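Spelled out, the chains give:
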Amino acid sequence: MVATAKQAGIPLCFVRQKRYPLPDGTVPQSESLQRYIAQLRNWLESQGCTLIDLTNDPEPDQSMYNKPGDDHIRRAAKKEMTEIYARKLGPLLHR
């Protein structure tokens, strides 16, 4: 996919969704996962892609998820989540 998009001159952006956070807003990550994401970011950027990682972002918070341990955003929070995506992705769309 990356090679095909690069060949066609289409910039790709990958978004890493934040998993259900702890009460303080953080998401636990093992060292190996942190290394993997760093390597993935480096590779994607070397290919002309962008990675938006919401993991360390204070938004979304616990109140936006369906339930603890869930990755899915509550229906009532979808508008707010869309606004978060718009803030993060907007600058890429206006290059």
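Residues numbered from 1 in each chain as written. Predicted model: local features only at pLDDT ≥ 70, side-chain atom pairs only at ≥ 80, totals over all residues. Heavy atoms only, no water.

**With respect to the overall build of the chain**
- On a plain count of helices and strands, the chain comes out with three helices and two strands.
- The linear arrangement of helices and strands in the chain, starting from the amino end, is α-β-α-β-α.
- Counting only C-alpha atoms and orienting by the principal axes, one finds that the chain spans roughly 40 × 30 × 20 Å.
- Looking at the chain as a whole, 29% of its 95 residues qualify as buried.
- Sequence-distant contacts in the chain: of pairs separated by 6 or more residues, those separated by 24 or more amount to 66%.
- Here the chain displays about 6700 Å² of accessible surface, and carbon together with sulfur accounts for 55% of that area.
- The chain carries 14 positive and 11 negative side-chain charges, and their two centres are separated by 5 Å. (Helix = DSSP H or I, 4+ residues; strand = E, 2+ residues; numbered from the N terminus. Buried < 20%, exposed > 50% of the residue type's maximum accessible area, 1.4 Å probe, protein only. Contact = heavy atoms within 4.5 Å. Areas by Shrake-Rupley, 256 points an atom, 1.4 Å probe, with all protein chains shown as cover. Lys, Arg positive; Asp, Glu negative; His and termini not counted. Charge placed at Lys NZ, Arg CZ, Asp CG, Glu CD.)

**A look at the packing of aromatic side chains**
- Within the structure shown, the criterion is met by one aromatic pair.
- Relative to Tyr65, the ring of Tyr20 has its centre 5.5 Å away and its plane inclined at 75°; by these criteria the two rings are edge-to-face. In this pair, Tyr20 sits in the loop between strand 1 (13–16) and helix 2 (31–46) while Tyr65 sits in the loop between strand 2 (50–53) and helix 3 (78–93), placing the two residues 45 residues apart along the sequence.
- According to the relative accessible area criterion, Tyr65 is buried, its value standing at 3%. (Phe/Tyr/Trp six-rings, centres within 6.5 Å; stacked < 30°, edge-to-face > 60°.)

**Comments concerning helix 3**
- Taking the largest bend as the criterion, helix 3 deviates by roughly 35°, centred on Arg87, and proline Pro91 comes between one and four positions later.
- Of all the positions in helix 3, only Met81, Ile84 and Gly90 are classed as buried. (Bend = angle between axes of the 7 residues up to and from the residue.)

**Focus: the nonpolar core**
- In terms of nonpolar packing, the biggest core is built from nine residues, these being Tyr20, Ile52, Leu54, Met64, Tyr65, Ile73, Ala77, Met81 and Ile84.
- Counting seven residues, the second-largest nonpolar core is a separate cluster that includes Val2, Leu12, Cys49 and Leu51. (Core = buried A, V, L, I, M, F, W, Y, C linked by side-chain atoms within 4.5 Å.)

**Examining the pairing of strand 2**
- As paired strands, strand 1 and strand 2 are joined by four bridges and run parallel to one another. Counted as the bridge partner of Cys13 is Thr50 from strand 2.
- Between the parallel pair strand 1 and strand 2, the chain is carried across by helix 2, and the sense of this crossover is right-handed. (Pairing = 2+ DSSP bridges. Right-handed = clockwise from strand over helix to strand, strands pointing away.)

**Focus: the state of the cysteines**
- Counted according to the given criterion, the structure contains zero disulfides.
- Looking at Cys13, it has no disulfide partner, and the nearest cysteine sulfur is the one in Cys49, 8.9 Å off.
- Judged by relative accessible area, Cys13 falls into the partly exposed class, the value being 33%.
- In this structure Cys49 comes out as buried when scored by relative accessible area, which is 6%. (Disulfide = S-S within 2.5 Å.)

**What to know about the confidence of the model for the chain**
- Mean pLDDT for the chain: 94, with 99% of residues reaching 70 or above.
- When pLDDT is averaged over each element of the chain, helix 2 comes out on top at 98 and helix 3 at the bottom at 93. (pLDDT = per-residue confidence, 0-100.)

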